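# Inside the fold
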Amino acid sequence: QVQLVESGGGLVQAGGSLRLSCAASGSIFSINSMGWYRQAPGKQRELVARITSSGSTNYVDSVKGRFTISRDNAKNTVHLQMNTLTPEDTAVYYCNAQGRASMPLRNFDSWGQGTQVTVSS
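This text gives an overview of the structure that appears in the document. (Residues numbered from 1 in each chain as written. Predicted model: local features only at pLDDT ≥ 70, side-chain atom pairs only at ≥ 80, totals over all residues. Heavy atoms only, no water.)

### Some words on the environment of glutamine 39
Its location among the elements puts glutamine 39 in strand S4 (residues 28-39). By relative accessible area, which is 29% here, glutamine 39 ends up partly exposed. The sequence separation of glutamine 39 and threonine 90 amounts to 51 residues, and the corresponding C-alpha distance is 8.6 Å. Those residues in contact with glutamine 39 that sit more than four places away from it in its chain are Gln44, Arg45, Ala91, Val92 and Tyr94. (Helix = DSSP H or I, 4+ residues; strand = E, 2+ residues; numbered from the N terminus. Buried < 20%, exposed > 50% of the residue type's maximum accessible area, 1.4 Å probe, protein only. Contact = heavy atoms within 4.5 Å.)

As structure tokens, then:
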């Protein structure tokens, strides 16, 4: 079983910055990709940013140029640096990781518990 623990959410004024972090632990053999999703009240969960083990990234258009995703493969962690935040970024942010777990060897697709990001105008 692979667990994800997020940290770094909070309340910030528009134009401010926050940094989210997510650490994966458990029976990890390899992690193919890690990403951040968000869900605002009354809306569907959407992909914000994703990064592969080789460092390839993709972002939803609304955050390009403002958010940066990075990962530390040795520590099984992923970060999301969020700059120039707007009220439209307010949501619960979820970490996701996909890869191979060990003992026994199998695929996993794990989610964190979510962290609230609130941007005030």
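Alright, that's what it looks like, and here's the rest.
### Notes on the environment of tyrosine 93
Inspection of the secondary structure assignment puts tyrosine 93 in strand S9 (residues 91-101). Since its relative accessible area comes to 0%, tyrosine 93 is described here as buried. A sequence separation of 36 residues divides tyrosine 93 from threonine 57, and the C-alpha atoms of the two residues are 18 Å apart. Other than its neighbours up to four places away in sequence, tyrosine 93 contacts Glu6, Leu20, Trp36, Tyr37, Arg38, Val48, Phe67, Leu80, Met82, Gly114, Thr115 and Val117. Separated by 2.6 Å, the side chain of tyrosine 93 and the backbone oxygen of aspartate 89 make a polar contact. (Polar contact = N/O pair within 3.5 Å; in protein donor to acceptor, adjacent residues only side chain to side chain.)

### Concerning the side chain of asparagine 96
Among the secondary structure elements, asparagine 96 is positioned in strand S9. On the basis of relative accessible area, asparagine 96 is assigned to the buried category, the value being 1%. Here asparagine 96 is in contact with Leu4, Ser33, Met34, Gly35, Tyr37, Arg50, Asp109, Ser110 and Trp111, once residues within four sequence places are set aside.

### Some thoughts on the pattern of salt bridges
As enumerated under the stated definition, the model contains four salt bridges in all. A salt bridge links arginine 38 to glutamate 46; the shortest N-O distance between them is 2.7 Å. The class for glutamate 46 is partly exposed, based on a relative accessible area of 30%. Sharing partners across several salt bridges, the network here consists of Arg38, Glu46, Arg66 and Asp89. (Salt bridge = Lys/Arg side-chain N within 4 Å of Asp/Glu carboxyl O.)

### Structural notes on the pairing of strand S8 (residues 77-82)
Burial within S8 is extensive, with five of its six residues counted as buried. Both strand S3 (residues 18-26) and S8 contribute to a ladder of six bridges, which runs antiparallel. Paired with cysteine 22 across the two strands is valine 78, which belongs to S8. Direction of pairing for strand S7 (residues 67-72) relative to S8: antiparallel, over a ladder of six bridges. By the bridge assignment, threonine 68 is partnered in S8 with glutamine 81. The antiparallel pairing of S7 with S8 creates a hairpin that spans four residues between the two strands, and asparagine 76 there sits at a positive phi of about 55°. (Pairing = 2+ DSSP bridges.)

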